[in-house]
Amino acid sequence: MKHHQYALTPPMGWNSWDCYGATVTEEEVIGNADYMAEHLKKFGWEYVVVDIQWSEPGAVSSAYRPFVPLDMDEYSRLVPAVNRFPSAADGQGFKPLADYVHGKGLKFGIHIMRGIPRQAVHQNTKILGSNVRARDIAKPNSICPWNTDMYGVDHTKEGAQAYYNSLFDLYAEWGVDFVKVDDIADSKLYGIHAEEIKMIRKAIDQCGRPMVLSLSPGPAPIDHASLLEENANMWRMTDDFWDLWPPLYDMFDRCYKWSKNIGPGYWPDADMLPLGHIGIRSVDGGASDRYTRFTKDEQILMMTLWSIFRSPLMFGGELRDNDDWTLSLITNEEVLEAHRNGFGARQVYRENDKVVWTSSGDKQTIYVALFNLTDNASKITVTFDQLGINGEEIEIRDLWNKENIDDVSHELSFDISPHGAKFLKLTNLSEQYCQRITRLNL
């Protein structure tokens, strides 16, 4: 499918939500873009994404103010709040900010809510490209349970597609490369909004600009996997993911369930990486201004799972406050190579919260991840027979420590800390094995 070409590898970037909630400013976006360009771009990080409510002049945190006026143009389309994004003045929208991000060799993204602004419906404003008005296409009984900004759009009404077309035409004029659409993959009240997903796909296709389409929140229903693959590039497997062990533990089941529905251009999404300095102006996740509550072992475990599974990587912290440890987590080129090039990830086994995953690399490479989900240090073992290899002339590389492991004959066995992981690359495998394991993983 054409849109799969826009994300042949899992997207990697920064999103403003975990640190700034609904309140991020132009200055903060620019600061994080500068950091990414200097420190992360060469490792594959490229998207700079402005999350929710950029049209809300008075946003104060991730706690939304209900029924407040939003900045909007005459055609029922939300535009950036000028007090937060000064370069948007005089109708320029996000184009100046996108131009700045592009000038750094990066890509620019925004978050939107499904539907049409309630205030547009109440004011019955115009729809560009149609003779109908906002009230004619709105679905007032289709609402978001956690945000009051929008009504749904009725796909059966004349002008509905024209409205979505006008949105993405505007985003194309701004230079948007990535759009995260919320209240659509699982709306909590009504399930998935399949028809609005289809309208958005058509709107992107007709706008003339490649845009990666990300759908939130989750969990997206796996019985709609074909619909998601046909229309989007990534979709959430989970509700908002924060820096707590229970949702990280739960992610193993979610990845196992979705592991057969992943490939170039379509990526089940384990959600944000709540790493570094988060909660600066956010009340979500159970705590305010903080550095991640994940232990270092849990951070390694999370990055290992996201990487072998090949989830999109969207960093949630304030990049400029990264310490050396956090920076090392997201710039380990050997781990990121597995994330970028691995395929066919599958669970080898899960027993008593000891878990092993594997994926294929090039013709002579596989990756193996060993996870200890227990609360105690434990030995995790996987035999070469379980991996389908004979163990001869194999080079074993510890990806996090960037060192080779010697004297291994018939199994991989390691003492792993509680909530910890080991991530390995096995190379120089026989061609016969590689052909067999590739077929198995496919």
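Below you will find a few notes about this structure. (Residues numbered from 1 in each chain as written. Predicted model: local features only at pLDDT ≥ 70, side-chain atom pairs only at ≥ 80, totals over all residues. Heavy atoms only, no water.)

### Some words on the pattern of salt bridges
Move 1: Across all of its chains, the model carries 29 salt bridges by this definition.
Move 2: Note that Lys 402 is salt-bridged to Glu 333, the shortest N-O span being 3.2 Å. You can see Lys 402 sitting in the loop between strand S18 (395-398) and strand S19 (403-405) and its partner Glu 333 sitting in helix H12 (residues 333-341), a full 69 residues away along the chain.
Move 3: Residue Lys 402 is classed as partly exposed on the basis of its relative accessible area of 36%. (Salt bridge = Lys/Arg side-chain N within 4 Å of Asp/Glu carboxyl O. Helix = DSSP H or I, 4+ residues; strand = E, 2+ residues; numbered from the N terminus. Buried < 20%, exposed > 50% of the residue type's maximum accessible area, 1.4 Å probe, protein only.)

### Remarks on the packing of helix H9 (residues 245-258) against helix H10 (residues 296-309)
How two helices sit against one another is set out by the angle between their axes and by the gap between those axes.
Move 1: Where H9 contacts H10, the two axes come as close as 11 Å, and the packing angle between them is 15°. As summarised for this structure, H9 and H10 are arranged roughly parallel, according to the angle between their axes. The two elements H9 and H10 meet at a crossing, and its hand is left-handed. The residues of H10 that touch H9, namely those facing Trp 245, Leu 248, Met 251, Phe 252, Cys 255 and Trp 258, are Glu 298, Leu 301, Met 302, Leu 305, Trp 306 and Phe 309.
Move 2: Across the contact of H9 with H10, the residue classes break down as eleven nonpolar, no polar and one charged. (Axes fitted to C-alpha atoms, helices over the stretch in contact; angles between N-to-C directions. Parallel < 35°, antiparallel > 145°, perpendicular 65-115°, else oblique. Left-handed = near helix turned anticlockwise from the far one by under 90°. Contact = heavy atoms within 4.5 Å. Nonpolar A, V, L, I, M, F, W, Y, C, P; charged D, E, K, R; others polar.)

### Notes on the environment of Lys 126
Move 1: When you line up the elements, Lys 126 lands in the loop between helix H4 (118-123) and helix H5 (134-137).
Move 2: Taking relative accessible area as the criterion, Lys 126 reaches 33% and is therefore assigned partly exposed.
Move 3: If sequence neighbours within four positions are ignored, Lys 126 has contacts with Glu 74, Tyr 75, Ser 76 and Arg 133.
Move 4: Within the structure, Lys 126 has its side chain in polar contact with the side chain of Glu 74 (distance 3.2 Å). (Polar contact = N/O pair within 3.5 Å; in protein donor to acceptor, adjacent residues only side chain to side chain.)

### Things to note about the nonpolar core
As a rule of thumb, nonpolar side chains are buried together in soluble globular proteins.
Move 1: Counting 131 residues, the largest nonpolar core has Trp 45, Ile 116, Phe 168, Tyr 171 and Phe 371 as the members making the most contacts within it.
Move 2: Each of two domains, domain 1 (2-341) and domain 2 (345-440), supplies a minimum of three residues to this core.
Move 3: Among the nonpolar cores identified, the runner-up in size contains 19 residues, and Val 382, Ile 389, Ile 405 and Ile 416 belong to it. (Core = buried A, V, L, I, M, F, W, Y, C linked by side-chain atoms within 4.5 Å. Domains from an automatic or database assignment.)

### What about the sheet that holds S18?
Move 1: With respect to topology, six strands assemble into an open sheet ordered S14-S15-S16-S21-S18-S19, the strand pairing being antiparallel. Strands at the two margins of the open sheet, each flanked by one partner only, are strand S14 (343-351) and S19. Ignoring strand direction, the axes of neighbouring strands in this sheet form an average angle of 25°.
Move 2: By the bridge criterion, three bridges tie S18 to S19 in an arrangement that is antiparallel. Following the sheet pairing, Asp 398 is matched in S19 by Glu 403.
Move 3: The sheet strands contacting H10 are S14, strand S15 (354-360), strand S16 (365-372) and strand S21 (420-427), and the helix crosses S16 at an angle near 145°. (Pairing = 2+ DSSP bridges.)

Spatial relationships are all this shows, so hold off on functional conclusions.
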